[in-house]
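# Survey of secondary and tertiary structure
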Amino acid sequence: QVQLVESGGGLVQAGGSLRLSCAASGRTFSSYAMGWFRQAPGKEREFVGRITGSGGSTYYADSVKGRFTISRDNAKNTVHLQMNSLKPEDTAVYYCAAGLIATMTSTYNYWGQGTQVTVAS
């Protein structure tokens, strides 16, 4: 069982930056690929990016590529989503997820409760 807790969300002006963190419980954190997803009001949840268990490979949605960066610290059981050059369309609840396969789909096994990111124009 893995429990995930996101933090770092908030209100930021367009063009600004935020860093989200996701803290995981458990002793096998490095076994899990981690994904970030987001869901805006009235929209379906969408893939943002993912990182493999070792941290050696990342992949991003086209909408955030070049602006967002995922990193992880397996010694601290944390994964981060650094978001730069934020746009109003990035406004959403952001979720981290853990799974045994690094994928762009929502087939992760464990999910956090989400953290709100609001980008003001």
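Coordinates for the structure precede this section.
Residues numbered from 1 in each chain as written. Predicted model: local features only at pLDDT ≥ 70, side-chain atom pairs only at ≥ 80, totals over all residues. Heavy atoms only, no water.

Take the overall build of the protein chain next. When helices and strands are tallied, the protein chain shows zero helices and 11 strands. A compact globule built from 121 residues would reach a C-alpha radius of gyration of about 14 Å, and the protein chain, at 13 Å, matches this within 12%. If one aligns the C-alpha atoms of the protein chain with their principal axes, the spans along those axes are about 40 × 25 × 25 Å. Evaluated residue by residue, the protein chain yields a buried proportion of 47% over its 121 residues. For the protein chain, restricting intrachain contacts to residue pairs at least 6 apart in sequence, the fraction spanning at least 24 positions comes to 56%. As displayed, the protein chain has an accessible area near 6100 Å², and 48% of this comes from carbon and sulfur atoms. Considering the protein chain, the positive charge centre built from 11 side chains and the negative charge centre built from 7 side chains are found 6 Å apart. (Helix = DSSP H or I, 4+ residues; strand = E, 2+ residues; numbered from the N terminus. Rg over C-alpha atoms; globule rule 2.2 N^0.38 Å. Buried < 20%, exposed > 50% of the residue type's maximum accessible area, 1.4 Å probe, protein only. Contact = heavy atoms within 4.5 Å. Areas by Shrake-Rupley, 256 points an atom, 1.4 Å probe, with all protein chains shown as cover. Lys, Arg positive; Asp, Glu negative; His and termini not counted. Charge placed at Lys NZ, Arg CZ, Asp CG, Glu CD.)

We now examine the sheet that holds strand β1 (residues 4-7). With respect to topology, four strands assemble into an open sheet ordered β1-β3-β8-β7, the strand pairing being antiparallel. Edge positions in the sheet fall to β1 and β7 (68-73), since each has one partner strand and no second. Each neighbouring strand pair of the sheet contributes to a mean axis angle of 15°, computed without reference to strand direction. (Pairing = 2+ DSSP bridges. Axes fitted to C-alpha atoms, helices over the stretch in contact; angles between N-to-C directions.)

What follows deals with the pattern of salt bridges. Throughout the structure, instances matching the rule amount to four salt bridges. Between R38 and D90 there is a salt bridge, with the nearest N and O atoms lying 2.9 Å from each other. Residue R38 is located in strand β4 (residues 33-39), and its partner D90 is located in the loop between β8 (78-83) and β9 (92-99); the two are separated by 52 residues in the primary sequence. Each of the two residues, R38 as well as D90, counts as buried. Shared partners join several salt bridges into a network, and the residues in it are R38, E46, R67 and D90. (Salt bridge = Lys/Arg side-chain N within 4 Å of Asp/Glu carboxyl O.)

To continue, consider the nonpolar core. Judged by nonpolar contacts, the single largest core of 34 residues is most densely connected at L4, M34, W36, L81, M83 and Y94. The biggest single contributor to this core is β9, with five residues. (Core = buried A, V, L, I, M, F, W, Y, C linked by side-chain atoms within 4.5 Å.)

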